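Examination of the molecular architecture
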Amino acid sequence: GGISERLIGFARTLVGRFRGGLPMGVVVGTMLQSGVSGSTVADVSAVSAMTLKPLERAGYAKPYSLSLICASSAFAILIPPCILMVVVAAVANVSVVAVFAAGLLPSLLLGLMILGLIHIQARLYNMPRDAVHSRSEMLAGLKDASLALGIPIIILVGIRLGIATITEMAAIIVVYSLLVGGLVYRNLTWKNLLEALIQTGVATGLIAILMGFAMIFGYLLATEGIPLAFANWMRAAEIPAWGVILITALIFIFIGSILEGAPAVLIFVPILLPLVRALDIDMVHWLTIVVLASGIGLFIPPAGIGVLMACSIGKIKMEQLLLPLLPFLLTLFLGLLILIFFPAITTIMPQLLGLPY
């Protein structure tokens, strides 16, 4: 319906003046897109469709462009609303809005770290600048994207005020997006709506097959007692709280690289919850780490669903993506470690907003 296109366009007006401005615009655009979609797989698909060709025309190699999109989508999972956040909050019986709020500052921190990496790469490899936009053009871009940017605001305010449940709000946003895309932006015709429905059916079928096999694998893990063995080992070893969080992150990165995020959460979170509560680990902080680690796991070669989808969309081989993706993954790991050892980054927003959890 033109919503993603306007978000990417607005992002480019903000950072185009810098060297490497187009890749920076992709990062900012992915963050804005994630606040609309709530799905990491959808972010990879939408952002790739909008940005791969402009990046190629500007001289960026496709493996680098896809690595950039993968890294941006991996941390943008923390930007509310996020489907996985809803799942972990439900499993842990914690306020969804508190988990949403907890992801705001960590996502900004990781976004700045990825932008910093691009800035260093831009200087090292003499990347071109994107078009320089004036203040009036930025305001015009903001105005053009304002209806799209309203989606996460409507969701958060609607849930916070108790106007609708999570599921009801999802339905409201679907109708809102149809009206914006069809009546305001006028990008959504009956023909491309039908094409979108067909593409959605195919993509959903693919993801459902992957999730089906992932759940079979998860069932095998559970019946063999592997998650329970992990929990018992951590109890017996008397590992400190920070160690438990670090091991949890490694577990979800590994499992997230094999399973889709939701099955991994449904298997491991209930088993680890008693240990986390016994150690008085802040629940919202722990769940934020779980979500981010799962998001990173989706882009770990060779089996991460996100990285497989990126290679499929870009029509490149996995080995072409490994080297350009590595600096981005290392930056994400560093950001994850910072969040683990500085929990206030995740807990300050729920506390400031007075959200009980």
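For the structure, see preceding data.
Criteria and cut-off values
Residues numbered from 1 in each chain as written. Predicted model: local features only at pLDDT ≥ 70, side-chain atom pairs only at ≥ 80, totals over all residues. Heavy atoms only, no water. Helix = DSSP H or I, 4+ residues; strand = E, 2+ residues; numbered from the N terminus. Buried < 20%, exposed > 50% of the residue type's maximum accessible area, 1.4 Å probe, protein only. Core = buried A, V, L, I, M, F, W, Y, C linked by side-chain atoms within 4.5 Å. Contact = heavy atoms within 4.5 Å. Axes fitted to C-alpha atoms, helices over the stretch in contact; angles between N-to-C directions. Left-handed = near helix turned anticlockwise from the far one by under 90°. Nonpolar A, V, L, I, M, F, W, Y, C, P; charged D, E, K, R; others polar.

Section: unusual backbone geometry
- In this chain, Pro301 is followed by Pro302 through a cis amide linkage whose omega measures 5 degrees.
- With respect to the element layout, Pro302 can be found in the loop between helix 14 (283-297) and helix 15 (305-314).
- Of note in the backbone geometry, Asn93 takes a positive phi value of approximately 55 degrees without being a glycine.
- Here Asn93 shows up in the loop between helix 5 (83-92) and helix 6 (96-102).
- Take Asn93: its relative accessible area is 71%, and that puts it in the exposed class.
- Even without a glycine there, the phi angle at Lys315 is positive, about 55 degrees.
- Position of Lys315 among the secondary structure elements: in the loop between helix 15 and helix 16 (318-341).
- Relative accessible area serves as the criterion here: at 77%, Lys315 is assigned to the exposed category.

Quick look at the nonpolar core
- Judged by nonpolar contacts, the single largest core of 115 residues is most densely connected at Phe252, Trp286 and Leu332.
- The element that contributes the greatest number of residues to this core is helix 14, accounting for 10 residues.
- Here Leu332 is in contact with Ala71, Ala74, Phe75, Leu110, Ile114 and Ile296, once residues within four sequence places are set aside.

Description of the environment of Pro63
- By the element assignment, Pro63 lies in helix 4 (residues 62-76).
- For the pair Pro63 and Ile316, spaced 253 residues apart in sequence, the C-alpha separation works out to 7.5 Å.
- The residues contacting Pro63, other than those within four sequence positions of it, are Ile316, Gln320, Leu321 and Pro324.

Considering the packing of helix 2 (residues 21-37) against helix 4
- Between helix 2 and helix 4, whose axes approach to 9 Å, the crossing angle comes to 35 degrees. Considering only the axes of helix 2 and helix 4, their crossing is right-handed. Contacts between helix 2 and helix 4 pair Pro23, Val26, Val27, Thr30, Met31 and Ser34 from the former with Tyr64, Leu68, Ile69, Ser72, Ser73, Phe75 and Ala76 from the latter.
- Across the contact of helix 2 with helix 4, the residue classes break down as 9 nonpolar, 4 polar and no charged.

Details of the packing of helix 7 (residues 104-125) against helix 16
- Look at helix 7 against helix 16: their axes get within 10 Å of each other, and the N-to-C directions meet at 145 degrees. The chirality of how helix 7 crosses helix 16 is right-handed. Side by side, helix 7 and helix 16 meet where Pro106, Leu109, Leu110, Met113, Ile114, Leu117, Ile118 and Gln121 of the first sit next to Pro327, Phe328, Thr331, Leu332, Leu334, Gly335, Leu336, Ile338 and Leu339 of the second.
- Class assignment of the residues belonging to the contact of helix 7 with helix 16 gives a composition of 14 nonpolar, 3 polar and no charged.

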